[in-house]
Amino acid sequence: MYIENWDTQGIEELQSKTIKQLQSIVFRKRIGHAYIIEGAKGTGKTKVMQFFVQLLLCENSTKSVPCETCRSCKRLKSNNHLNFMQLEPDGQNIKKAQIDDLIHEMSKTAMETGRKIYVIYHADQLNQSASNTLLKFLEEPQSEITAILLTDRIHALLPTILSRCQHFSLASMPQSLLKQKLVEEGITDSMASTVSKMTNQVEEAITLAKDEHFGLARKSVLKLVEASGKSVQDALMCIHEDFGPLLKEKEQAEQALDLLLFAYRDIVAIKASAIAVCTYPDMIHYWQQAALHTTYEQLSKHLEMILHAKENLHKNMNRTLMMEQLMLNLQEGITFV
Ligand SMILES: [Zn+2]
């Protein structure tokens, strides 16, 4: 079972609007059966969920803030509250059997009295049959059960599930402000530009900027874009020479594809405006050349192909083959230099 450190520190300031809405729900005792908390990486979805759960279960909250000391608060923080269950993807996705188990646990009567809550992390990764099973459960709401779904890809959820849930969208910090904070922390302008696109949270962005693997991924992806601008052979060679370590884990492969997507978005942005804010300002001269030699139509196809490759990642496709295919697709009739 998923174990996430209980940490709600700073969330009342970071997501004050959503927190106030959740406090009002609990205060007015208008507690719903299902919620979705969505937001980009680093916006604090887990912390918001934890604050909400703690407030819902706290036996002694004052001014709509959990007391931190009651039995319920303590149990949540030590991860052994019997009325709170957490579910995360098992490998590539969330399977029907996992939802069956969850429903079974939720339907048991032997738990503590009071409300039961379950949270589903990465709810966008529910597979079709798991979605349908969950939907049935949501359609027969039981008064004392509340579901909380977390996602950073809300559009990947079934509309029928979305329509059963109350939505909370978490606000992102403006990228320029985040970047400024990172530069103040001693991170180079080019790295700050990149990591502030990958996450919306200062600490996470700093960790990423200092992470050796991420530095390598960034370098390899830029090398690949240049290689792909030369010839398909160069691109394929780059995949074989540099991408082995980037494709081992699904998360890393997804990150590499995001980095690649941002590279092509830079070219689109530069094509539209010479003073565009780039993810890779260190590549600006190359982007300018690339922008001259590609049409919007070609660039839009490139972006589409990369997004398609990202979808294939979730389908458990062989990652090296997927990258090779992507390079062939990107290559069609396009060389910059
Ligand atoms: Zn409490």
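From a predicted model like this one, the values you see are computed outputs, not experimental measurements. (Residues numbered from 1 in each chain as written. Predicted model: local features only at pLDDT ≥ 70, side-chain atom pairs only at ≥ 80, totals over all residues. Heavy atoms only, no water.)

**Student:** Help me understand the coordination of the zinc ion in this model?
**Tutor:** Angles at a metal have ideal values that depend on geometry: 109.5 degrees with four tetrahedral donors, 90 or 180 degrees with six octahedral donors. At the metal site, the zinc ion is ligated by Cys 58 (SG), Cys 67 (SG), Cys 70 (SG) and Cys 73 (SG), and these contacts range over 2.3 to 2.4 Å. Geometry at the zinc ion is tetrahedral, judged from its 4 donor atoms and the angles of 102 to 119 degrees they form at the metal. Mapped onto the polypeptide sequence, the residues donating to the zinc ion form the spacing pattern C-x8-C-x2-C-x2-C. Note on accessibility: Cys 67 and Cys 70 belong to one class, buried. (Donors = N, O, S within 2.8 Å, 3.2 Å for Na, K, Ca; no water. Tetrahedral: all angles 85-135°; square planar, octahedral: opposite > 155°, others 65-115°. Buried < 20%, exposed > 50% of the residue type's maximum accessible area, 1.4 Å probe, protein only.)

**Student:** Even after reading the chapter, I still don't get helix 16 (residues 296-313), so can you show me in this structure?
**Tutor:** Working note: α-helix, 3.6 residues per turn, so residues spaced by three or four point in the same direction. For helix 16, with 18 residues, the first-to-last C-alpha span of 26 Å sits near the 26 Å given by 1.5 Å per residue. Turning to helix 16, its buried residues number three or more, namely Leu 299, His 302, Leu 303, Met 305, Ile 306, Ala 309, Lys 310, Asn 312 and Leu 313. (Helix = DSSP H or I, 4+ residues; strand = E, 2+ residues; numbered from the N terminus. Expected span 1.5 Å × (residues − 1).)

**Student:** What is the right way to read the UniProt feature "domain: DNA polymerase III delta subunit C-terminal" (unreviewed entry) in the protein chain from this model?
**Tutor:** UniProt annotation of "domain: DNA polymerase III delta subunit C-terminal" (unreviewed entry) refers to residues 249-331 when read in the numbering used here. With 77% helix and 0% strand, residues 249-331 has its two end C-alpha atoms placed 26 Å apart. (UniProt positions renumbered as here; feature names shortened; annotations may be inferred.)

**Student:** For this particular structure, what's the right way to read the packing of helix 11 (residues 212-230) against helix 17 (residues 319-331)?
**Tutor:** Between two packed helices, the angle of one axis relative to the other and the distance separating the axes together describe the packing. At a minimum axis distance of 9 Å, the contact between helix 11 and helix 17 shows a crossing angle of 50 degrees. Taken together, helix 11 and helix 17 sit at an angle that is classed as oblique. The interaxial crossing formed by helix 11 with helix 17 has right-handed handedness. Taken together, the residues of helix 17 that come into contact with helix 11 (itself represented by Leu 224, Ser 228 and Lys 230) are Met 323, Met 327 and Gln 331. (Axes fitted to C-alpha atoms, helices over the stretch in contact; angles between N-to-C directions. Parallel < 35°, antiparallel > 145°, perpendicular 65-115°, else oblique. Left-handed = near helix turned anticlockwise from the far one by under 90°. Contact = heavy atoms within 4.5 Å.)

**Student:** Which parts of the structure should I look at to understand the environment of Glu 304?
**Tutor:** Looking at where Glu 304 falls in the secondary structure, it is placed in helix 16. Given the relative accessible area of 54%, Glu 304 is considered exposed. The spacing of Glu 304 and Leu 330 is 26 residues in sequence and 10.0 Å in space, taken between C-alpha atoms.

**Student:** Help me out: how do you make sense of the pattern of salt bridges in this one?
**Tutor:** A side chain with one charge can pair with a side chain of the opposite charge if their charged atoms come near. By the definition in use, this model includes 12 salt bridges. Of the charged contacts in the structure, one is a salt bridge between Lys 108 and Glu 105, with a shortest N-O distance of 3.1 Å. For Arg 153, the salt bridge identified is with Asp 124, shortest N-O distance 3.3 Å. Taken together, the residues span a long stretch of sequence, with Arg 153 in the loop between strand 4 (145-151) and helix 7 (159-162) and Asp 124 in the loop between strand 3 (116-120) and helix 6 (128-139) at a distance of 29 residues. Overall, the relative accessible area of 22% leaves Arg 153 in the partly exposed class. (Salt bridge = Lys/Arg side-chain N within 4 Å of Asp/Glu carboxyl O.)

**Student:** Can you walk me through the nonpolar core in this structure?
**Tutor:** Generally speaking, nonpolar side chains in soluble globular proteins are found buried as a group. Phe 243, Leu 260, Trp 287, Met 323 and Leu 326 are the most contacted members of the largest nonpolar core, which totals 56 residues. The element contributing the most residues to this core is helix 14 (residues 250-272), with 11 residues. For Phe 243, the residues in contact, after removing those within four places along its chain, are Ser 220, Val 221, Leu 224, Cys 238, Ala 256 and Met 323. In this structure, Ile 103, Ile 120, Leu 134 and Ile 154 belong to the second largest nonpolar core, which totals 26 residues. (Core = buried A, V, L, I, M, F, W, Y, C linked by side-chain atoms within 4.5 Å.)

**Student:** Would you mind going over the domain arrangement of the protein chain with me for this structure?
**Tutor:** It is common to give the size of an interface as the accessible area that goes away when the parts come together. Split into domains, the protein chain comes out as domain 1 (11-169) and domain 2 (211-331). Every contact between the two is made by 4 residues of domain 1 and, on the other side, 6 residues of domain 2. With both chains or domains summed, domain 1 and domain 2 bury close to 460 Å², and 26% of this area falls on carbon and sulfur atoms. Of all residues in domain 1, Gln 92, Gln 125 and Arg 153 give up the largest surface area on contact with domain 2, accounting jointly for 87% of the area buried on that side. At the surface where domain 1 touches domain 2, the tally comes to 1 salt bridge. Per-class residue counts for the side of domain 1 that touches domain 2 are no nonpolar, 3 polar and 1 charged. (Domains from an automatic or database assignment. Buried area = accessible area lost by both parts, 1.4 Å probe. Nonpolar A, V, L, I, M, F, W, Y, C, P; charged D, E, K, R; others polar.)

**Student:** It is not clear to me how unusual backbone geometry should be interpreted in this structure. Could you clarify?
**Tutor:** Despite not being glycine, Lys 29 shows a phi value in the positive range, around 55 degrees. Within the secondary structure, Lys 29 is located in the loop between helix 2 (16-27) and strand 1 (34-38). On the accessibility criterion, Lys 29 (69% relative accessible area) is exposed. Phi angles above zero are rare outside glycine, and Asn 316 is one such case at about 65 degrees.

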